Every structure is written in C-alpha cells, then in structure tokens.
Amino acid sequence: MATVAEPNKNLKTGLKYLLLVLVALVFLFPMVFMVVSSLKPDLQLLRDTSSIAAFLPVGDISLDNYFAAFRRAPIGLFVFNSVFVTGLTVIGSLFLCSLAGFAFAFLEFRGKNLVLSIVIATLIVPFETIAVPMLMVVNTLPFVGPNGLQWGWLNTYHVQIVPFLADALTIFLFVQYFRDLPKELIEAARLDGATWFQVYAMVIMPIAGPVIATAAILKFLAMYNQYLWPLMVTQSEQFRPVMVGLQYFFQLNTAWGEVMAYLSLITLPVLAFYLFLQRAFIASIASTGIKG
Amino acid sequence: MDTMTPKTAKSLQNHPTAGWLMMAPAIILLTLFLIGPFLLAFGFSFTNQRLISPNPTQIVGLRNFEQMLGVGVLTLEPERDNSGAVVRDDEGRPEYPRVRTFTRNNPDYPHLEGMREWFGWSWGDNQVVVLARDLVFMKALTNTLMFVAVVAPVQAGLALLLALMINQKLRGINIFRTVYFMPVVVSIVVVSLLWRFIYDGRNGLLNNLLSFISFGQFRPVDWLGEPSTALWAILAMSVWQGVGFHMVIWLSGLQTIPVALYEAADIEGATPWQKFRFVTWPGLRNTAVLILVVITMQAFSLFAQVDVMTQGGPLDSTQSLVFQAVQRGYEQQNIAGGSAISVLLFLLVLAISITQRYLTRERN
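The name given to chain B in an unreviewed UniProt entry is Sugar ABC transporter permease, with Devosia nitrariae as the source organism. Quoted verbatim from the Subcellular location (unreviewed entry) field of the UniProt record, the comment on chain B reads "Cell membrane". As its UniProt record puts it under Sequence similarities (unreviewed entry), chain B is described as follows: "Belongs to the binding-protein-dependent transport system permease family."

Per an unreviewed UniProt entry, chain A goes by the name sn-glycerol-3-phosphate transport system permease protein UgpE and belongs to Devosia nitrariae. Quoted verbatim from the Subunit (unreviewed entry) field of UniProt, the annotation for chain A is "The complex is composed of two ATP-binding proteins (UgpC), two transmembrane proteins (UgpA and UgpE) and a solute-binding protein (UgpB)." The UniProt entry for chain A carries this comment under Sequence similarities (unreviewed entry): "Belongs to the binding-protein-dependent transport system permease family."

1. Side note on the overall build of chain B
If you tally the helices and strands in chain B, you get 15 helices and three strands. Referenced to the eigenvectors of the C-alpha coordinate spread, the extents of chain B come out at roughly 90 × 75 × 40 Å. Considering chain B as a whole, with its 364 residues, one finds that 37% of them fall into the buried category. Contacts in chain B between residues far apart in sequence, at least 24 positions, make up 61% of those at least 6 positions apart.

2. Topic: helix α10 (residues 259–267) of chain B
Taking burial as the measure, the nine residues of α10(B) include zero buried ones, a minor fraction of the element. Directly beyond the C-terminal end of α10(B), a positive phi value near 75 degrees is found at B:G269.

3. Comments concerning the confidence of the model for chain A
Looking at chain A as a whole, the pLDDT averages 87, with 96% of positions reaching at least 70. Between the elements of chain A, mean pLDDT differs from a low of 76, seen in helix α15 (residues 278–288) of chain A, to a high of 94, seen in helix α4 (residues 75–106) of chain A.

4. Here we look at unusual backbone geometry
Residue and element names in this part refer to chain B. With a phi close to 55 degrees, Q311 is a non-glycine residue in the positive phi region. Phi is positive for L315, which is not a glycine, with a value near 55 degrees. Mapped onto the secondary structure, L315 falls in the loop between α13 (304–309) and α14 (321–331).

5. Focus: the UniProt feature "transmembrane region" (unreviewed entry) in chain A
All names here are of chain A. According to UniProt, the positions carrying the feature "transmembrane region" (unreviewed entry) are residues 17–39, 83–107, 114–137, 157–178, 199–222 and 259–277. This span, residues 17–39, is 91% helix and 0% strand, and a straight line between its end C-alpha atoms measures 31 Å. Structurally, residues 83–107 comprises 96% helix and 0% strand, and the distance from its first C-alpha atom to its last is 35 Å.

6. Section: the packing of helix α7 (residues 188–199) of chain B against helix α9 (residues 230–254) of chain B
Residues and elements named next belong to chain B. Across the interface, α7 lies against α9 with an axial gap of 11 Å and an inter-helix angle of 130 degrees. In this view, α7 runs oblique relative to α9, as classed from their interaxial angle. Note on packing geometry: the crossing formed by α7 with α9 is right-handed. Seen from α7, the contacting residues are I188, V191, W195 and Y199; seen from α9, they are A233, M237 and Q241. Here the contact of α7 with α9 is built from residues that sort into six nonpolar, one polar and no charged.

Analysis parameters
- Residues numbered from 1 in each chain as written.
- Chains lettered and ligands numbered in written order.
- Predicted model: local features only at pLDDT ≥ 70, side-chain atom pairs only at ≥ 80, totals over all residues.
- UniProt positions renumbered as here; feature names shortened; annotations may be inferred.
- Helix = DSSP H or I, 4+ residues; strand = E, 2+ residues; numbered from the N terminus.
- Buried ≥ 20, exposed ≤ 12 C-beta atoms within 10 Å, placed from the backbone.
- Contact = placed C-beta atoms within 7 Å.
- pLDDT = per-residue confidence, 0-100.
- Axes fitted to C-alpha atoms, helices over the stretch in contact; angles between N-to-C directions.
- Parallel < 35°, antiparallel > 145°, perpendicular 65-115°, else oblique.
- Left-handed = near helix turned anticlockwise from the far one by under 90°.
- Nonpolar A, V, L, I, M, F, W, Y, C, P; charged D, E, K, R; others polar.

This is how it looks when you write it as structure tokens:
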C-alpha cells in the first residue's frame, strides 16, 4: 500500500482537527468563563481574568453566588414568567400562523397574493423601530379579563404574548412547507365531504411535523431572548421575564459572581435544550434557507 | 362572469370565505401590532408628537427630516492681517475664523444656523468644513452603514469558511458543528455582558491574551472606551455571535450540490481550489444571495449590543440608527424624532433589498 503517503495523511488529518479545535475554543470560551466564574467569589473572579485560571474551576469554588442571586431577585418568578409567556406565544403562533399558511398555500381567493406580499414585506421592518408606536397602541387597547373590562395593556402577561402571536416569518415557513405537499391529499379529503378546517386539522397538520418543529424553535429563541419590549411594558416585578430580571444585578456595586450565576441560570437551560435537540435546531435554521 | 366549467383542481380550492376566515386571525393581529404601529410611525414622522406633552400635536411636514438630514458646507479662508498676508500660528499653520461665528446668529449664513462641525479637510490654504444639523444622527447613520458594509461580507465569508470546514468527512465533525452554532442560541444581551469582560480595559481577557502572546509588549486597550476601537469591538462580537447561523445556511446549500460533480472533478484531476471555484461556488449562488440579504437586514437592526455595551459612546462612536430611534422615541419621549429615524431606516433597507434583488436577478 501507499506507505509513503500514510504519515503524510495522518499529519494532514491531525492539522485539520487542530484547526477545528482552535475554532471551537473561540466559540466556547465566553460560556466557559461564565460558568466557571459563577462558582468563584468576586475578588478571585476578577483576579483570575489575568491567567488561564479564568477558564478553570480552581480556588475557592462554591455555589454561594447562586444562593445569593436567589436572595437578591425573585428568580423563580422570572423563570415562570418567561416560560409561561414563551410557551403560550409559541403554541398560539403555531396555530394562527399555520392556519393562515394553509389558506395562502391551498385556497384561492381574491386579494390573496396582495396580502401575502404585504406579510412578507413586513419582514424587513426591525421590531425595535416600531416598538414605541406599538407601546402607544397597546396602551390604548381594551382587554376583558378576570377583573372585567380594562383599558391599557401595560404590566400584564397578554401584552407580552398577543402582539407576537402572528409574525411574517412563521407564516412564511408554513406557506413554503405546505406548497410542496401533494394537492391530491386535499382533494381526496374534500371529495369525502371534509370542511376546510377538518382538512387543515386532520390531513395537513399531522404531516407538518418538520415545519412545526422549525417554527417552534425559531419562535422559542426569539421570545425567550426578547429584551426591549418586556423592558418597556413590565414596570411591575410581577410580570417580568428573565432578561429584564438582569437589572436587579446591576445596582450600585455590581456583584459579578452573582451576575455570572444569573447569566448561567438563564442560559444553561437553553443550551441544554439546544444540545438535546441540536439536530432539530440546526435543521430549523437550514430550512429557512433552502428555497432562497 | 365565471362560467361554471368543472375545472376540478382550481374550483375545488376557490373558497374566498374559508380562505379569509382562516387567514383572518393572523392578519388582524399583524395589522394591529405590526402594520398599524408602522403606519403610526410613518404618520408621527410628519408631526411634533411627544409621549406626554401639554401642547396639541401639530403637523410639521418634512421638518423632522430636514432637521436630521440637514448638512452644510463651509469654506473657511485663513485670517489675513492688514497687509493681506495669511496669519499663522506658532507652528506655521494658517489660522481660521471659528466655525461658530458662522453657525450662531450670523445673519449672512441663515442656512447654517445651529449646525455643528462634522468633519473637514484642507483645500490649499482654505479649510473646508462639513456641518450637520443633527450630528448624533449623522454618526448613527454612518456607523450603521459602516457596520453593515463590513459585517455583511466578513460574516458571510467566515460563515462560508466554517461551513466548508464542517462539510469535511471527518469522525466527530457534528460535535464541531454543534459548538460553532452554540452562540446563536444565547441571548445577545447575555453575550454582550460576557464580552464586556473580554473587552475590559484593565483586566479584560483580550488584553491579557494579547499581552501573553506578545510577551508583555502589548499595551492594554480599553476596547469599548476608545472611540477608535469601540465600534470594531461590537462588530467583532456580533460576527462571533451570528456566524454560526449563516454557517448552517451555507451548509444546507453545500449539501444540495450533487456528489457526482465532485467525483467528475476528481477524475479530471481538479485541485481543491478549482473544485471550489467551478463546482462549489456556482452551486451556492442562490444561497449566497439569501445570506447576504439576511445578514444585511440583521446588521441594520443593530441595537442590543450598543444598549448593553456602550450606550452609543464613547463620543457617539457606536451610535446606531435603531439605538437612536429607541433613545429618542422612548428615553427622550420624542416620538416624532424616533419615528422619523424609523422611516428613514425602513426606506434605506427597502432601497438596499430592491437593489440586491435587481443585481441578483440580472445574473440569472
């Protein structure tokens, strides 16, 4: 066999791995620093940044920062709020956007193409630029809840949920997926006398697993990581999500160990979720690009 | 009128009532919470609306835009003494009249009233000064354009390199794909806070690293505190956070290229570069267009990084359009001013996406 080429090839493979590992370190080091620092007392944390110890769990290691963080802020409440708001928004948007996507993909009606192109055009408006006018809108809206009719949506859960139930990207993902499904499926069900809603619920949605996963993951990331909007609309602690909770850790004397503990607490579950479902996560991003 | 010909497929699906009903919930919400606020912003940009104001709102036409976009050019001639010779300072440079003598209460230059010096250059003995009415806006505009112009090619290019690395057939390659993508799922707010430690001027991780690899020769830099480095620091971090996202899109493009093409290239003895140039790259054209459009749009909405890391400073060197829109509209309660920036940003993004579409359509 090619005895001369073998060591050469091994060296080449070794170099490839070396490069891959170095790049991996570039992507990993801030997160490693975050978790490691969350275990150290403040003084040591700041001192360790001058050496490799910044990335190693050495010295006075404990969970004290976590206990202190829980004492400083109602973290349980913030996590509940984030999970509640994110969960309801994801479920609601999957339903409403798939329904709209179904209409756009399978039904013919006057004005459809115009509406669809307006929906897609809204993709180019960055949310932050309409946040203030939106604040004025929600401030004047009525809402019927357990306390009867109320005006103004500030400091509630629904102000964090309802505005994000419909979004162009999710609708677009469903339209794209539905268009590739065979039309015969629908015609057969219609000839059997199914209503359009029955076709949607019993024929199409059961085979829409991949696009549901994609849309759910993208929506989950966008909602959980939201920052400006909850900051604007939740003045009272009761409704704040985790990103707004960060403020509690930046007061006069910032305790960096506690900050790192809090950042780890709100980030590690998402990272764990990602590692667990990483194939689906990556497939979901890839699918936004398949059609161009 | 439609005749009742049994065109099965078409007529089966022609159901306006069902269509509108199924679409309605999402469209109503989109109208109320996206199109509505956008139109409001559009309307406010022609008024002097404030969040809370004792005075009624008035329509002011294009004044907000004139205020933001107003620029003037002033050519300063050097001061001359009685004999007509140029007055020079101790180092031999000509002396010029102060800019503020033209921009404050000067009846001969009403169009420059209230403007501030933006930048300037020498023109022979004369000094040309460009003035802006709204200096902070101009900095936000130029910073954002610079940010987009650098981030779009750099991030797209790095993402492609990473995708090519990940597309190799090596054992365990998926682990690296997972790691490279990881920052994408982390909140940009969290990432920005972490990177403040990296960029810190005294004990920052970056300074310590550079000092270590240069054997102590490197002088520490306050990356976020220097006007000359702050925007670049934010830019590098943004690329770090976002590049995995676009790597995955490139990767899905790479995997649509038929393996047979590479095999054919191998048979003809093509070099790795030739394979990239004549097989890979042509197969990626659509992906490239999409990635460029997506990165451009994401880069234009630069906000959280600035808000968490620098608040636009130092010396307005990291102002961005979206950050200013929020600053004015929310922090300063100047809704009209914030809305006018939003409208300009929208027009800018629209113009660029139309141009990108046009350019890419020409080639096909």
